[in-house]
Number of protein chains: 6
Amino acid sequence: MSRPNDRAPAAVRPVTITRHFTKHAEGSVLVEFGNTRVLCTASVDTCVPRFLKGKGQGWVTAEYGMLPRSTHSRMNREAASGKQGGRTLEIQRLIARSLRAAVDLTALGEHTITVDCDVLQADGGTRTASITGACVALVDALNWMVGKGMLKQSPLKQMVAAVSVGIHNGQAICDLEYVEDSAAETDMNVVMTEDGRLIEVQGTAEGEPFTHEELLAMLALAKDGIDQIIEVQKASLE
Amino acid sequence: MSRPNDRAPAAVRPVTITRHFTKHAEGSVLVEFGNTRVLCTASVDTCVPRFLKGKGQGWVTAEYGMLPRSTHSRMNREAASGKQGGRTLEIQRLIARSLRAAVDLTALGEHTITVDCDVLQADGGTRTASITGACVALVDALNWMVGKGMLKQSPLKQMVAAVSVGIHNGQAICDLEYVEDSAAETDMNVVMTEDGRLIEVQGTAEGEPFTHEELLAMLALAKDGIDQIIEVQKASLE
Amino acid sequence: MSRPNDRAPAAVRPVTITRHFTKHAEGSVLVEFGNTRVLCTASVDTCVPRFLKGKGQGWVTAEYGMLPRSTHSRMNREAASGKQGGRTLEIQRLIARSLRAAVDLTALGEHTITVDCDVLQADGGTRTASITGACVALVDALNWMVGKGMLKQSPLKQMVAAVSVGIHNGQAICDLEYVEDSAAETDMNVVMTEDGRLIEVQGTAEGEPFTHEELLAMLALAKDGIDQIIEVQKASLE
Amino acid sequence: MSRPNDRAPAAVRPVTITRHFTKHAEGSVLVEFGNTRVLCTASVDTCVPRFLKGKGQGWVTAEYGMLPRSTHSRMNREAASGKQGGRTLEIQRLIARSLRAAVDLTALGEHTITVDCDVLQADGGTRTASITGACVALVDALNWMVGKGMLKQSPLKQMVAAVSVGIHNGQAICDLEYVEDSAAETDMNVVMTEDGRLIEVQGTAEGEPFTHEELLAMLALAKDGIDQIIEVQKASLE
Amino acid sequence: MSRPNDRAPAAVRPVTITRHFTKHAEGSVLVEFGNTRVLCTASVDTCVPRFLKGKGQGWVTAEYGMLPRSTHSRMNREAASGKQGGRTLEIQRLIARSLRAAVDLTALGEHTITVDCDVLQADGGTRTASITGACVALVDALNWMVGKGMLKQSPLKQMVAAVSVGIHNGQAICDLEYVEDSAAETDMNVVMTEDGRLIEVQGTAEGEPFTHEELLAMLALAKDGIDQIIEVQKASLE
Amino acid sequence: MSRPNDRAPAAVRPVTITRHFTKHAEGSVLVEFGNTRVLCTASVDTCVPRFLKGKGQGWVTAEYGMLPRSTHSRMNREAASGKQGGRTLEIQRLIARSLRAAVDLTALGEHTITVDCDVLQADGGTRTASITGACVALVDALNWMVGKGMLKQSPLKQMVAAVSVGIHNGQAICDLEYVEDSAAETDMNVVMTEDGRLIEVQGTAEGEPFTHEELLAMLALAKDGIDQIIEVQKASLE
């Protein structure tokens, strides 16, 4: 069974990274995975959360949101309903953990970097696109700090990127778009470093449970996809 | 005393309107007044709020938000703090009233159009830019309804646009950018129809009270500025 | 077309100001515009909000509320519904800005005055009655501070008062009561100083847009009305 | 040890009941116990809460609030802090239970009466003053319903009134004002019917526990005090 | 008319107290009154609330909750609905006041003890069971502090226990279980010290008002019941 | 490096399942993994959420909470702070998805089963213990429905259980207790069916990223652990 636009099972959608998309943030990146578009801004603050006061290290955190009409039908605005939903909180915790794996927090010193990922248009894979774009915005913010003399050198340890994989019609596929995601039997998000190690693996059987072999097939696709995506990240930073 | 970029007191910043900026919404417009950039999406719903049930008329409403790093320093995300602030509520009420003046609500039938105005980058005048862009998104949504056969003809009565004016260093100026807005003695937002009548006038003395003559000077600038802005709206719709 | 009780278009309803209406507050005023009755209390606090700490100036703020059955049909209590609505926030921001225009905040020193305006009975014009009564309560609180030796002299710059004006049946009228307000084509609130300058102008077309000439007619009525109201304020303070 | 103004231990402060204090509510009463002043409004609604739908009976409920500066120092406004405190909820539950004891809910039919008790000025005993005034507002609302033909006759079963009693300096006293209340060892609120039976007894040892004999002494004072208060209620209704 | 299981009107259900029910808390007690089961944990903190800072005394507070399915039909989880209901707040205020009567707060020093009472299974009398179990958990926490050298000796003044009494079918009964509680004409909660003095008396007529004689009959049953319950408390502590 | 109590890397702590722990719920299970103790209750409701109305299928959902002193130091009560945290929401979404994989929702008909998992004592692995206990409570509730004639036969498809695995000091270990969990480099939760297929895999690098080989080692431990746990589930149901 074929994918939309006859995409091959292992193919990632065109990934585009536009730096300096807005002008106020220390890092500002528009990331696109096909029709999924997320604005990622990194903001530098010269303090740390209360639980880190006086510990001589920094912090990286993230927030995630979807514009009400980034989706097919309009969603309620979370600011109006008075709280962030469980999905939102879950995603922003995932993004933040992934970014912290990219940075030497001790070398960052007592600074906090907050990365906001706001989805302008959604077509599947918003959380993995967010991580991918957020990492580039984070790199720009760290370099800005070096440029300002706040840090001697960038505390970046490695690039981090993410992709979604899944089982659809019994076949493992990479980088699901919305029509695939909503019909997939299994959906898995994988976050990796540029040296091929794993930061997060989150696989969920939406319908039937999946087998160990299917897990391995999805992991292999994720590894290849993330390698390609990290190439795009690096090219954008040159 | 001169304005940034030697702008003339009566000059409006370059206004750009990009339609179809995102793909899901029935109307989707990116509006730019200089460095102020707002994404306005119009969503059509086939029901009406409870207080209008069975009254044979439609409704137009609006919501407004700023991305956390649309501003010079990062603001708290309203979804995270658990409520929309007074400024946000005030602005979205203003946008909604302005848009309702553009539409024959009875001819709209029992439909609701919600226009979301989300500020991607702020440099003064976000509420007037929002009204200006929202009106174009609304027109697109109404035409989409006609195209779908939901309405026989568009219930649009007239174009509506807005601009800010103010008194700065004793002089009336039009379309204040952030550095002017934050230093102005008086700030006034004016919403007008294309035939030059007034929908909203909101003038506030930030420092010294203003005189009747200053009010008249600001209104004259607003009239000229809005005439130019409505030209841009119309050109974008051709 | 005649007004209720054959009131002339330019006539303000009987305005009554009762000082010392309750005993705990430093300033406590019951203000009545016809059947509209608002209790305004001014409370002195010996600190300032965080954003003013150490800046050597004071602050004046306001809160507004309506008792649930101050209106024709009972409204939900905002404390029970868990948040203040947009209208409430908008009004209390307006009252606070208006009062700050009356006071030299530097001369006030590091003190905060909070004015609470609680509507006991509503019949149109509650926000303009609130500003009018709040200014007298503020004067009493400032004089109380002088009496206590907290200030050498009152930092009052000028009296401030407000009135609503509107267009009803094509005619400009002053100080709308509820039946007029709910049917008016245009409603405008004007806040002025005793020397005739403007602090706030907020005009809204509820139905048809209004013309420049109608705006001028409303402003003229507002000027006359506010002159009369300031007379009542001053008489009450003698 | 003497009480303020040499009041006798068993003496109730002057109690005043002003009916028709505001004009919109079906029952509107200003009740004063000395310097304690509470506005009680009763609102009639032609529906019942969900849990009573179709059960052929009515409901009486109550809400309680204090204006921010009804007290010696300003309290935060509950609408602004986003929730009603425990004390508020406890008091309004007490008022509502007391009022329901006064009415034959089946004879009331499928109507709800909401009584709002808003404290304009507090000097001890606001909850007992509220119950006392609320009962008169409720009677007026029931009679209004009879006048409108909504009920054949008033479903009032009996008058209900309340008073606080306490132990202060080892002596039982009646109707505590604020300076006594804040220093009392024991504070007890008693709600009674006109035939001398009990609806609520809520006694709390603030300092030392109290004895059975002290409880009896307080109950005796409460009985006498409430008898006097019911006389005032009845006189106000003639 | 007989009670369930032919219980005598004055009989208390079997009361069981299991100390050290969980391992982390300084005091942890499972208290059972028949089928009512409440887990009471006492937590010691080395600070005091803001209003007591620097006053050289400690504080005892309490929180109360019911597991969603501790009751016959499932209740909404208060954490999910976003606020604690009025009943919850009322009960935890009652528990806290009762516990504070058991402790010399000055001798406690600047420490706070928080007692959490969580209902695992409800069958009437959860608040009185909570007070009874909480007092034992509190004693354990105080003794733990002595053992740790935080206090020279326990600041316990006396044991405190509670029971519910009521009027059911015209008869005074002690320790109502759910089927009795929900049908009783009058329900009263009594909190006493081991020397027979009163800390709290809260009697409520659910149906008909109650007489002075009924009040005395309920108090007598409460006194006997609490004497028995305090025996169980003491036995558990040996 | 050895584990606490010299536990073998692959060893699961003693798992105990006590059915009918409380009496009101249709399914009520106390599950213990060593010192971790969770009360799981399943409640049957004869309706479905709005989004499933009329679709001829049922729903299974879950809520999760920790008692404030289930942990080493007291946590704030979520009901008091006014919202459920991100971790709570994430866990209850995980539990619910896992349980839905165990049931044929169409065969369940238009019923909702809500499983509440409340942690009485925490020592690592509360979410996996919750899933394990919740599945048994769910089975009991389904059988109760069959017993009541609400269903012809149980719609249970398979047993579901969960365990945590991790990398600690470079070694893969199974069923981490708190001291291990807080120090592990990688933590992974695995949910499986009795036929060895996967429902959820959630692995997170807390410190260094993990390798593909480490992932495989953890999965192997999880498979063995879950096999043992499902044995305990089945034994408890006989």
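Going by an unreviewed UniProt entry, chain A carries the name Ribonuclease PH and comes from Aeromonas simiae. UniProt annotates chain A under Subunit (unreviewed entry) with the comment "Homohexameric ring arranged as a trimer of dimers." Entered under Catalytic activity (unreviewed entry) in the UniProt record, the comment concerning chain A runs "tRNA(n+1) + phosphate = tRNA(n) + a ribonucleoside 5'-diphosphate".

A. Local environment of the relation of the copies chain D and chain C. Between the two copies, chain D and chain C, the superposition gives an RMSD of 0.0 Å; the rotation angle is 180° and the shift along the axis is 0.0 Å. Both copies of the chain, as the preceding transformation shows, are related through a two-fold rotation axis. Ranked by how close their C-alpha atoms come to the rotation axis, the residues of chain D are headed by Ala79(D), at 1.8 Å. Interface overlap between copies is the fraction of interface residues in one copy that are interface residues in the other; for chain D against chain C it reaches 100%, indicating a shared surface.

B. Layout of the interface of chain D and chain C. Taken together, the contacts link 38 residues of chain D with 38 residues of chain C. Taken over both partners, the interface formed by chain D and chain C buries close to 2,900 Å², and the fraction arising from carbon and sulfur atoms is 49%. When the area that chain D buries against chain C is broken down by residue, the three leading residues are His24(D), Arg69(D) and Arg77(D), summing to 26%. Of the charged contacts, one joins Glu63(C) and Arg77(D) as a salt bridge, the two residues approaching to 2.8 Å between their closest N and O atoms. Linking chain D with chain C are 23 residue pairs in polar contact (both at pLDDT 80 or more). Contributing elements (two or more residues each) for the side of chain D that touches chain C: strand S3 (36–45), strand S4 (59–66), helix H1 (78–81) and strand S5 (112–121) of chain D. Residues that form the side of chain D that touches chain C fall into these classes: 13 nonpolar, 13 polar and twelve charged.

C. Representation of the UniProt feature "domain: Exoribonuclease phosphorolytic" (unreviewed entry) in chain A. Residue and element names in this part refer to chain A. UniProt tags residues 12–141 and 159–224 as "domain: Exoribonuclease phosphorolytic" (unreviewed entry). For residues 12–141, the end-to-end C-alpha separation is 27 Å, with 30% helix and 31% strand making up the annotated structure. Secondary structure content for residues 159–224 is 26% helix and 44% strand, while the C-alpha to C-alpha distance between its ends is 15 Å.

D. Looking closely at helix H6 (residues 212–237) of chain F. Compared with the 38 Å implied by 1.5 Å per residue over 26 residues, the 37 Å span of H6(F) between its first and last C-alpha is a close match. Listed in full, the buried residues belonging to H6(F) are Leu215(F), Met218(F), Leu219(F), Leu221(F), Ala222(F), Gly225(F), Ile226(F), Ile229(F), Ile230(F), Gln233(F) and Ser236(F).

E. Just unusual backbone geometry, in detail. We note that Asn169(A) has phi near 50°; this positive angle belongs to a residue other than glycine. Of note, Asn169(A) is situated in the loop between strand S6 (160–168) and strand S7 (171–174). Of note, the phi angle at His20(D) is positive, near 55°, even though the residue is not glycine. Along the chain, His20(D) falls in the loop between strand S1 (15–19) and strand S2 (27–33). Taking relative accessible area as the criterion, His20(D) reaches 60% and is therefore assigned exposed.

F. Just the arrangement of the chains, in detail. At no point do chain A and chain D touch; the closest pair of C-alpha atoms across them sits 11 Å apart. Regarding chain B and chain E, the two do not touch, and the least distance separating their C-alpha atoms is 11 Å.

G. Layout of the pairing of strand S9 (residues 198–205) of chain E. Within S9(E), eight of the eight residues are buried, leaving the element largely enclosed by the surrounding structure. Where strand S9 (residues 198–205) of chain D and S9(E) come together, five bridges link them in antiparallel fashion. Residue pairing for S9(E): Gln202(D) is matched across the bridge by Gln202(E). The sheet contact formed by strand S8 (residues 186–193) of chain E and S9(E) spans seven bridges and is antiparallel. Bridging across to S9(E), Asp187(E) finds its partner in Thr204(E).

H. Region of the structure containing the interface of chain F and chain A. Taken together, the contact between chain F and chain A spans 27 residues of the former and 27 residues of the latter. Overall, the association of chain F and chain A removes approximately 2,500 Å² of surface from exposure, summing both partners, and the carbon and sulfur fraction of that is 56%. Of the charged contacts in the structure, one is a salt bridge between Glu208(A) and Arg197(F), with a shortest N-O distance of 3.2 Å. Our count for the contact surface shared by chain F and chain A stands at twelve residue pairs in polar contact (both at pLDDT 80 or more). Going through the elements one at a time, helix H2 (86–100), strand S9 (198–205) and H6 of chain F are the ones with two or more residues in the side of chain F that touches chain A. Counting residues per element, the side of chain F that touches chain A draws most heavily on S9(F), which supplies eight residues. Its residues assigned to classes, the side of chain F that touches chain A comprises ten nonpolar, nine polar and eight charged.

I. Structural view of the UniProt feature "binding site: phosphate" (unreviewed entry) in chain A. This chain's UniProt record puts "binding site: phosphate" (unreviewed entry) on Arg87(A), Gly125(A), Thr126(A) and Arg127(A). Maximum C-alpha separation among the annotated residues is 13.4 Å over a sequence range of 41 residues, consistent with a single clustered spot. Its location among the elements puts Arg87(A) in helix H2 (residues 86–100). Arg87(A) sits in the partly exposed class, given a relative accessible area of 30%. For Arg87(A), the residues in contact, after removing those within four places along its chain, are Tyr64(A), Met66(A), Thr126(A), Arg127(A) and Arg93(F). If you trace the backbone, Arg127(A) turns up in helix H4 (residues 126–147). Beyond its immediate stretch of four places on either side in the chain, Arg127(A) contacts Arg87(A), Glu90(A), Ile91(A), Leu94(A), Asn189(A) and Gln202(A).

J. Main features of the sheet that holds strand S1 (residues 15–19) of chain B. All names here are of chain B. A sheet is described by the order of its strands in space; here five strands give the open sequence S1-S2-S3-S5-S4, paired in mixed fashion. A strand with exactly one partner marks an edge of an open sheet, and here the two such strands are S1 and strand S4 (59–66). Strand-to-strand, the axes of this sheet are offset by a mean angle of 20°, without reference to chain direction. Direction of pairing for S4 relative to strand S5 (residues 112–121): parallel, over a ladder of eight bridges. Its bridge partner lying in S5, Trp59 is registered against Thr112. Helix-sheet contacts for helix H4 (residues 126–147) involve S1, strand S2 (27–33), strand S3 (36–45), S4 and S5, and the interaxial angle to S3 is about 35°. Packed onto the sheet, helix H6 (residues 212–237) meets S1 and S2 and runs at close to 25° relative to S1.

K. Spatial organisation of the environment of Asp175(E). Residue and element names in this part refer to chain E. Relative to the helices and strands, Asp175 is located in the loop between strand S7 (171–174) and helix H5 (178–181). Take Asp175: its relative accessible area is 0%, and that puts it in the buried class. For the pair Asp175 and Gly147, spaced 28 residues apart in the sequence, the C-alpha separation amounts to 36 Å. Reaching out from Asp175, the side chain makes a polar contact with the backbone nitrogen of Arg13 at a distance of 2.8 Å.

L. Spotlight on the pattern of salt bridges. Residues and elements named next belong to chain D. Taken as a whole and assessed by the stated rule, the structure comprises 120 salt bridges over all chains. Among the salt bridges present, the one from Arg7 reaches Glu180, with a minimum N-O distance of 3.7 Å. Separated by 173 residues along the polypeptide, Arg7 in the segment before S1 and Glu180 in helix H5 (residues 178–181) bring together distant segments of the chain. Residue Arg7 is classed as buried on the basis of its relative accessible area, which comes to 13%.

M. Spatial organisation of the environment of Pro68(D). Mapped onto the fold, Pro68(D) is located in the loop between S4 and H1. For the pair formed by Pro68(D) and Leu120(D), sequence separation is 52 residues and the distance between their alpha carbons is 8.9 Å. When sequence neighbours within four positions are dropped, the list of residues in contact with Pro68(D) reads Asp116(C), Asp118(C), Ser73(D), Arg74(D), Met75(D) and Arg77(D).

N. Main features of the packing of helix H2 (residues 86–100) of chain C against helix H4 (residues 126–147) of chain C. All names here are of chain C. Packing of H2 against H4 leaves a shortest axis separation of 10 Å and a crossing angle of 40°. In terms of axis orientation, H2 runs oblique to H4. In this structure, H2 crosses over H4, and the sense of that crossing is right-handed. Counted together, Arg87, Glu90, Ile91, Leu94, Ile95, Ser98 and Leu99 of H2 and Thr126, Arg127, Ser130, Ile131, Ala134, Cys135 and Leu138 of H4 form the full contact between these two elements.

O. Spatial organisation of the state of the cysteines. All names here are of chain D. If you walk through the whole model with that rule in mind, you get zero disulfides over all chains. Cys117 provides the cysteine sulfur closest to Cys40, a residue in no disulfide bond, and the two sulfurs are 4.0 Å apart. Classification of Cys40 as buried rests on a relative accessible area of 0%.

P. Just the sheet that holds strand S1 (residues 15–19) of chain E, in detail. Residue and element names in this part refer to chain E. Taken together, the five strands give an open sheet; going across it, the order is S1-S2-S3-S5-S4, and neighbouring strands pair in mixed fashion. Two strands close off the open sheet at either side, each with one partner strand: S1 and strand S4 (59–66). Averaged over all adjacent pairs, the angle separating strand axes in this sheet is 20°, with direction ignored. Bridge count for strand S3 (residues 36–45) against strand S5 (residues 112–121) is nine bridges, and the pairing is antiparallel. Looking at the pairing, Val38 lines up with Val119 of S5. Those strands touched by helix H2 (residues 86–100) are S4 and S5, and its axis lies near 145° from that of S4.

Rules and cut-offs
Residues numbered from 1 in each chain as written. Chains lettered and ligands numbered in written order. Predicted model: local features only at pLDDT ≥ 70, side-chain atom pairs only at ≥ 80, totals over all residues. Heavy atoms only, no water. UniProt positions renumbered as here; feature names shortened; annotations may be inferred. Least-squares fit on C-alpha atoms with pLDDT ≥ 70 in both. Contact = heavy atoms within 4.5 Å. Buried area = accessible area lost by both parts, 1.4 Å probe. Salt bridge = Lys/Arg side-chain N within 4 Å of Asp/Glu carboxyl O. Polar contact = N/O pair within 3.5 Å; in protein donor to acceptor, adjacent residues only side chain to side chain. Helix = DSSP H or I, 4+ residues; strand = E, 2+ residues; numbered from the N terminus. Nonpolar A, V, L, I, M, F, W, Y, C, P; charged D, E, K, R; others polar. Expected span 1.5 Å × (residues − 1). Buried < 20%, exposed > 50% of the residue type's maximum accessible area, 1.4 Å probe, protein only. Pairing = 2+ DSSP bridges. Axes fitted to C-alpha atoms, helices over the stretch in contact; angles between N-to-C directions. Parallel < 35°, antiparallel > 145°, perpendicular 65-115°, else oblique. Left-handed = near helix turned anticlockwise from the far one by under 90°. Disulfide = S-S within 2.5 Å.

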